[in-house]
Amino acid sequence: MTRSDLVEELAARFSQLTHRDAEFAVKTLLDAMGEALVRGHRIELRGFGSFSINRRPPRMGRNPRSGESVAIPEKRVPHFKPGKALREAVDARTQEILATTPVKK
C-alpha cells in the first residue's frame, strides 16, 4: 500500500472527508511520527505496533569494486516492531489464503 492508496482508503471510508482533507490528515500524521522519531521518542500504536530508533555502531566496511576498507559512521535508524494483534491477524489471514489456494503442479 502506498501513501496515495492510504489517502484514497481514508477518503472512501469517511465520506465527510474530501480527498484534500484525507491527504492533509495522512501528511500530518506521518510528519508528526517522523518528528517524534527524530527527537528520539518511541511511538506505540496499540494493536498495531511500535516504532523506535535503533543505533547502528560505527564499523569498517569494504568497497566492493576496489576492495579498499571504508569507515562507516554510526547511524540511527527507525525500527518497527509489530504488535501481537497485528502478527496474529497477518498469520491467520495468510493461513486462510494458503488453505483456499489450489496447489499448482
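Here we summarise the structure given alongside this text. All figures in this text were calculated on a predicted structure; none of them were measured in a lab. (Residues numbered from 1 in each chain as written. Predicted model: local features only at pLDDT ≥ 70, side-chain atom pairs only at ≥ 80, totals over all residues. Heavy atoms only, no water.)

So, the environment of leucine 10
Quick reminder of the rule: Secondary structure follows DSSP: runs of H or I at least 4 residues long count as helices, runs of E at least 2 residues long count as strands, and numbering of each begins at the N terminus. For this analysis, residues touch if any pair of their heavy atoms sits within 4.5 Å.
With respect to the secondary-structure elements, leucine 10 resides in helix α1 (residues 3–13). As for leucine 10 and valine 38, which are separated by 28 residues in sequence, their C-alpha atoms are 26 Å apart. Among all residues touching leucine 10, those that are not within four sequence positions of it are Leu17, Ala22, Ala25 and Val26.

Concerning the pattern of salt bridges
Cut-off, in case you're wondering: Salt bridge, as applied in this entry: a Lys or Arg side-chain nitrogen positioned within 4 Å of an Asp or Glu carboxyl oxygen. Burial here depends on accessible area, computed with a 1.4 Å probe over protein chains only, as a share of the maximum for the residue type. Under 20% is buried, over 50% is exposed, and the range in between is partly exposed.
Evaluated as defined, the whole model comprises six salt bridges. Put simply, aspartate 31 and lysine 27 hold a salt bridge, and the shortest N to O gap is 2.7 Å. Of the two residues, aspartate 31 and lysine 27 are both situated in helix α2 (residues 19–38); the distance of four residues between them amounts to about one turn of the helix. Given a relative accessible area of 41%, lysine 27 falls into the partly exposed group. When salt bridges that share partners are traced, they join Arg42, Glu44 and Arg46 into one network.

Describing the pairing of strand β2 (residues 49–56)
Note the following rule: Between any two strands, at least two bridges found by DSSP are needed for them to pair.
With three bridges joining them, strand β1 (residues 43–45) and β2 adopt antiparallel strand pairing. Across the sheet, the residue bridging to glutamate 44 is serine 50, located in β2. Linking two consecutive strands that pair antiparallel, namely β1 and β2, is a turn of three residues; a positive phi of about 85° is found at glycine 47 within it. Relative to strand β5 (residues 75–82), β2 runs antiparallel, the two sharing eight bridges. Bridging from a neighbouring strand, serine 50 pairs with lysine 81 of β5.

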